[in-house]
Every structure is written in C-alpha cells, then in structure tokens.
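Descriptive analysis of the structure
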Amino acid sequence: MSEPVLTLHEIIKVYNQSLPNAVNVLRGVNLSVDKGEIVALVAPSGAGKSTLLHIAGLLDNADDGVVTLAGQNMTNESDRRRTAARRSDLGFIYQFHHLLPEFTALENIVLPQLSAGVSRLNAEKYAHDLLVRVGMGRRADHRPAALSGGEQQRVAFCRALANGPSLLLADEPTGNLDPETSDQVFDILLELVRGTGLAALIATHNLSLAARMDRTLTLKNGQLL
Ligand code: ADP
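These remarks concern the structure in this document. (Residues numbered from 1 in each chain as written. Predicted model: local features only at pLDDT ≥ 70, side-chain atom pairs only at ≥ 80, totals over all residues. Heavy atoms only, no water.)

1. So, the packing of helix α5 (residues 149–161) against helix α6 (residues 179–196)
Packing of α5 against α6 brings their axes to within 10 Å, and their N-to-C directions diverge by 20 degrees. The pairing of α5 with α6 is recorded here as roughly parallel in orientation. For α5 against α6, the interelement crossing comes out right-handed. Of the residues in α6, those in contact with G150, R154, F157 and L161 of α5 are T181, V185, I188, L189, L192 and T196. (Axes fitted to C-alpha atoms, helices over the stretch in contact; angles between N-to-C directions. Helix = DSSP H or I, 4+ residues; strand = E, 2+ residues; numbered from the N terminus. Parallel < 35°, antiparallel > 145°, perpendicular 65-115°, else oblique. Left-handed = near helix turned anticlockwise from the far one by under 90°. Contact = heavy atoms within 4.5 Å.)

Written out as structure tokens, the structure is:
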C-alpha cells in the first residue's frame, strides 16, 4: 500500500485574526499526497493556494490543524527541526526561478548539495544528470541571464530536486511563461517528477495543466473539494 508523504488535517489559517478585517483563508483543509503521486491544487488567485503551500512546506504555521511530513508530525516541532526537514524532505519551485545570477546553471544545482554535505564531485555529477534529463546538458556552464525564461525554469526544477526531496511543492511553476513554452516546460517537469518517483503538490489556475496530473483538488471557500 502507498504511504502518504504529506498529510494536512483540519488546517485553519486566519490573517489579521483579532482585527475587523480578518481573512479566513483556510477553514479546515484536509489532504493527503501519496508517494509517487502528482496532485494539482487548483483555485483562482487569492483563494489561498500560496498560504496552503507555505504551511505544507513548513514556511508558515497554521492557526490550527496538523501537518505530517514523511510520517512525522511537524506541527509543534522547533524551528531548527522544521528547517532541517525543509532542507532534506522538501523541494520548492516558484513562478520565478530565483536562481543565483552570479553562478552557472550547474553551480546553482551543486550549491544546495554542498550545503547538505555532498562532495563536490558527486554534486557536480548529479547536477549534470539532472540537467541532461531536462534537456539542458549543453547549457550547464551558462549563467541564468544567458538562458531563456523556460530554460531558467528548467534549471530551477533541477535545483528543487538536487537534495532528493520526498515532496515537491510548486506554486504556478510555469505561470511566468508564454502558453506554448509553459506547455512544453510543464511536460518536462512532469517527466522529471515521474522519473524520480517523488510526490508533488502543484498549484496552478490552468485547468489543462491540472488535467495532466494524477488528481485535482480545488480550493474553494477555504476548503478542498
Ligand atoms: P493565492 O496563492 O491563491 O493567490 P494567497 O494564499 O496568496 O492566495 O492569499 C489568500 C488570501 O489571504 C488573500 O485574500 C490574501 O490577500 C490574504 N493574505 C495572504 N497573505 C496575507 C498576510 N500576510 N496578511 C493578510 N492577508 C494575507
């Protein structure tokens, strides 16, 4: 039987709780993502997708509810444990690539591995393998400014996977690209994720991209349908 990599149980998040303009963003969110499963999180802008991803990614705390990652209840863990779990278990992709401009594509994927204690030789080898998988093997020595938007994002995918996370969290990963490039780059992302067998929760408001994933969850009125 497959085991959940991520579970959220009755997650509640309210912004400006004690103020008259309180925003009840998440009103009891329950979800479970299994190993090897790619789940689409669909909602219009402002519905709370980023809030949910930040809570799942241990970047923010819920006001109530339980977050379990790789079988461990992370809800009341110390900041140190949450940071360690974030580094070892989670990969993040955002709408913008956030690559370090002064480093090459390869170095951007090597650096997180060096921080995790991998030797330079092994880190470079793995970074190169990842770049080849996304069709960027020949651009390894280029800096981000010399790459197109779609190429930059492909490098960002590799960086997110550099430390072998068990869960990938992505917030509109191709939202910054023109529709045709977005389509192509999204296919590359899905192939990469399926090839590594990790679990993924990918927010998008593009229903045709969502349809290519294993399952779609819709966030409406603070709850998942
Ligand atoms: P999405 O990612 O779906 O666009 P967000 O999670 O960014 O939605 O935001 C959901 C709602 O919460 C929005 O109404 C937004 O204005 C509000 N919100 C987000 N962050 C904050 C914050 N730090 N303080 C107050 N309100 C916030």
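Now that the structure has been shown, the text picks up again.
2. Describing the pattern of salt bridges
In the structure shown here, the tally under the stated rule is 8 salt bridges. The partner of E124 in a salt bridge is R120, and the shortest N-O contact between them spans 3.4 Å. In this pair, E124 and R120 both sit in helix α4 (residues 120–133), 4 residues apart, roughly one turn of the helix. Here E124 falls in the partly exposed class, since its relative accessible area comes to 30%. Its relative accessible area of 48% is what places R120 among the partly exposed residues. Salt-bridge contacts for D214 lead to R194; the nearest nitrogen and oxygen are separated by 3.1 Å. (Salt bridge = Lys/Arg side-chain N within 4 Å of Asp/Glu carboxyl O. Buried < 20%, exposed > 50% of the residue type's maximum accessible area, 1.4 Å probe, protein only.)

3. Remarks on the sheet that holds strand β10 (residues 223–224)
The strand order β6-β7-β8-β3-β9-β10 describes an open sheet built from 6 strands, whose pairing is mixed. Unpaired on one side and paired on the other, β6 (90–93) and β10 mark the two borders of the sheet. Both strand β9 (residues 215–220) and β10 contribute to a ladder of 2 bridges, which runs antiparallel. Residue pairing for β10: K220 is matched across the bridge by Q223. Packing against the sheet, α6 makes contact with β3 (38–42), β6, β7 (167–171) and β8 (199–204), and its axis sits at approximately 160 degrees to β8. (Pairing = 2+ DSSP bridges.)

4. A closer look at the site of the ligand
Neighbouring the ligand are the residues Y15, V25, P44, S45, G46, A47, G48, K49, S50 and T51. Between the ligand and the protein, one listed contact pairs an oxygen atom with a backbone N or O atom of G48 at 2.9 Å. Between K49 and the ligand, the recorded distance is 2.9 Å, taken from a backbone N or O atom to an oxygen atom. When the ligand sits alone it has 560 Å² of accessible area, and the protein chains cover 58% of it. A breakdown of the residues in the shell around the ligand according to their chemical character gives 4 nonpolar, 5 polar and 1 charged. (Near = heavy atom within 4 Å. Polar contact = N/O pair within 3.5 Å; in protein donor to acceptor, adjacent residues only side chain to side chain. Areas by Shrake-Rupley, 256 points an atom, 1.4 Å probe, with all protein chains shown as cover. Nonpolar A, V, L, I, M, F, W, Y, C, P; charged D, E, K, R; others polar.)

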